[in-house]
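Architecture and fold: a report
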Amino acid sequence: MSAADRWPEPPPLPPGRTVVVPERGELFVRDSGGDGPPVVLLHGWTVTGELNWFRQWEALAERGHRVLIVDQRGHGRGLRSAQRFTLEECADDVAGLVVELGLGRAVLAGYSMGGPVATLAAHRHPGVVDGIVLIATAMEWRSRFADRASWRLRLPVTSFALRSGLVRRGFQRWVAQLGDDRLDVHASWLLGESSRATAGDVVAAGKALSRYDARKIVPALGVPGEVIVTTKDRLVQPWRQRALAEALGVEPIELAADHDASFVAGAELAELVVEAVDRLGRRIGRPRAA
């Protein structure tokens, strides 16, 4: 029996529940609980919160943080709406969740697509955001003609791959090729989580990403930020990630990994996320979590 044919054994994860956020809807969140400084983890395009963060959340929880993993609208168990998908709506969802749970102010950590959501939440709702950690992400993906042309090709190809099952089969081969026992034991679960996305939702989110441009927003943010650059990234060019750090006025933290760093460099990324959150804590004058 191959690893992918076993029953879907999930990795350790915080308890999950649905939170009704007034005027937003039902949000699925995994919450480690406790009264430590809250950190909300925001996932990337096409994946779920668990799939993106299952190798990093424990490092934050062990440092005394209350860790929340959110499935964003149109992804995983996240909110589905008749409204057009926008990153601004995702940002408002997150801010509403922070308020509804009585967290006061939280650090938002965004990976890839989660970066724009964290940035927009800080811009639109600075009163509930302590700071942001931006990983493998950028201020925009549309400044060059080649970028815009790439999106026009990428979205229909992605839609076809999802509808035809190519994404599922490709993900299964990718996990098998990694040869990582820590991932292999959860191969069936990983495959299931990777299949939660629908083509329509993914394309809608991709269109929103293709329009995103925060070059005027980021330098004027009223909350501090930290940036983790994946220096071998073939999806979000490292120069774009460093431009984000420069706009925030911070020295980036670098990780020699590709865009799949949350999987294949999970432990290393976990250490760097903790470091970035600690940096933010020092900058806002908050005692470091125990």
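In what follows, the accompanying structure is described. Since this is a predicted model, take the numbers as computed values, not measurements.

Turning our attention to the environment of valine 218. By the secondary structure assignment, valine 218 is in the loop between α9 (199–211) and β7 (225–230). With 102 residues separating them in the primary sequence, valine 218 and proline 116 have C-alpha atoms 10.0 Å apart. Excluding residues within four positions of it along the chain, valine 218 makes contact with Thr119, Met139, Leu244, Ala247 and Leu248.

It is worth spelling out unusual backbone geometry at this point. A negative phi holds for most residues other than glycine; trans holds for most peptide bonds. Positive phi, normally seen in glycine, also occurs at glutamate 23, with a value near 65°. Along the chain, the position of glutamate 23 falls in the loop between β1 (16–21) and β2 (25–31). Phi is positive for serine 112, close to 55°, though the residue is something other than glycine. By the element assignment, serine 112 lies in the loop between β5 (106–111) and α4 (114–124). On the basis of relative accessible area, serine 112 is assigned to the buried category, the value being 10%.

With respect to burial, strand β3 (residues 38–42) is a largely interior element, five of its five residues being buried. Judged by which residues are buried, β3 turns out to be covered on both faces: Pro38, Val40 and Leu42 on one side and Val39 and Leu41 on the other are all buried. Bridge analysis of β3 against strand β4 (residues 66–70) gives five bridges, and the strand direction is parallel. Bridge pairing links proline 38 to arginine 66 in β4. Bridge count for β3 against β5 is four bridges, and the pairing is parallel.

Definitions and cut-offs
- Residues numbered from 1 in each chain as written.
- Predicted model: local features only at pLDDT ≥ 70, side-chain atom pairs only at ≥ 80, totals over all residues.
- Heavy atoms only, no water.
- Helix = DSSP H or I, 4+ residues; strand = E, 2+ residues; numbered from the N terminus.
- Contact = heavy atoms within 4.5 Å.
- Buried < 20%, exposed > 50% of the residue type's maximum accessible area, 1.4 Å probe, protein only.
- Pairing = 2+ DSSP bridges.

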